Every structure is written in C-alpha cells, then in structure tokens.
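Understanding the architecture of this molecule
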Amino acid sequence: MLTLAAEIEVLARFGRALADPIRCRILLALREAPAHPADLADTLEISRTRLSNHLACLRDCGLVVAVPVGRRTRYELADERLGHALDDLRTAVVAVEADKTCVDADEKGCC
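Anyway, here's the lowdown on the structure attached to this text. (Residues numbered from 1 in each chain as written. Predicted model: local features only at pLDDT ≥ 70, side-chain atom pairs only at ≥ 80, totals over all residues. Heavy atoms only, no water.)

**Thoughts on the pairing of strand S2 (residues 72–77)**
The pairing of strand S1 (residues 64–69) with S2 spans six bridges and is classified as antiparallel. In the strand pairing of S2, alanine 66 is matched with tyrosine 75. With antiparallel pairing between neighbouring strands as the criterion, S1 and S2 make up a hairpin whose turn holds two residues, including glycine 70 at a positive phi of roughly 65 degrees. (Pairing = 2+ DSSP bridges. Helix = DSSP H or I, 4+ residues; strand = E, 2+ residues; numbered from the N terminus.)

**What about the pattern of salt bridges?**
When the charged atoms of two side chains lie near each other, side chains of opposite charge can form a pair. Counted according to the given criterion, the structure contains six salt bridges. Across the salt bridge formed by arginine 31 and glutamate 32, the nearest N and O atoms sit 2.3 Å from each other. By relative accessible area, which is 60% here, glutamate 32 ends up exposed. Residues participating in the shared-partner salt-bridge network are Arg31, Glu32, Asp87 and Arg90. (Salt bridge = Lys/Arg side-chain N within 4 Å of Asp/Glu carboxyl O. Buried < 20%, exposed > 50% of the residue type's maximum accessible area, 1.4 Å probe, protein only.)

**Some details on the side chain of histidine 36**
Positionally, histidine 36 belongs in the loop between helix H2 (21–32) and helix H3 (37–44). Sequence-distant contacts of histidine 36, defined by excluding residues within four places in its chain, comprise Val69, Arg72, Thr73 and Arg74. (Contact = heavy atoms within 4.5 Å.)

**Thoughts on the environment of leucine 44**
On the secondary structure map, leucine 44 appears in helix H3. Judged by its relative accessible area of 7%, leucine 44 is buried. Separated by 22 residues in sequence, leucine 44 and isoleucine 22 place their C-alpha atoms 8.3 Å apart.

**Quick notes on the environment of glycine 62**
Counting through the fold element by element, glycine 62 comes out in the loop between helix H4 (48–60) and S1. Residues glycine 62 and alanine 78, 16 residues apart in the sequence, show an inter-C-alpha distance of 6.7 Å.

**Regarding the nonpolar core**
Ranked by size, the top nonpolar core spans 21 residues in total, and within it Ile26, Leu27, Leu30, Leu51, Leu58, Leu63 and Val64 carry the most contacts. Within the residue set of this core, elements represented by two or more residues are helix H1 (5–18), H2, H3, H4, S2 and helix H5 (80–99). When neighbours within four sequence positions are excluded, leucine 63 is seen to be in contact with Phe14, Ala17, Leu27, Leu58, Glu76, Leu77, Ala78 and Leu82. (Core = buried A, V, L, I, M, F, W, Y, C linked by side-chain atoms within 4.5 Å.)

This is the structure:
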C-alpha cells in the first residue's frame, strides 16, 4: 500500500496525464521514439498549438522532457521505465475490457 504522499502524488499526476486521449497518444508515440513537436503534430494529426498545450501539461507532470537539439527541441519520455509502465497499463486495460466487471460503466461513465 502506498503511504508516502510523494508516491501518491506521482500516481495522481500520471493519472491526470492519462485522462486525456491526446496526451495518451503523445505518450505512446514518445514511447516508440523521441520526436520534435512538428513531427508529433503531423503524426497525431493535431495542430501545433494544441500539441504544445498538451506537451506543457506532460512536462509539468514530469512525464516528458524537452531536449534542445541545435535550434530545435526534441521531446522524450522523462524515464525509460514510463514506457514499460505504459505497456503494463495497456495490457491491464485489455484485461479489464475483456472482464467487463462493471456492467453499468456506459451509464455511469466510469471504468
């Protein structure tokens, strides 16, 4: 059980980051390889402004870092273990989806 406030805060930040589908897509893209914002915007088919706002959120959560490369900035996961965590969460989500333990999920907007 988590007892340290710092550990709980880290999990809460991770949860807030994952609460948005665009941020999830960004994290999954960066899990594959570091990328420049223009390339990410093109890959994800979103505006650069919208991407910038989400990258700022992910930076503030401590999940991604901006690495200067000459005159450009490249983004990458802050820690390689985040990629493993994303893989584990994706597997867990598949297991939950197959289980369907919450029969009222659609009505309640949960799960």
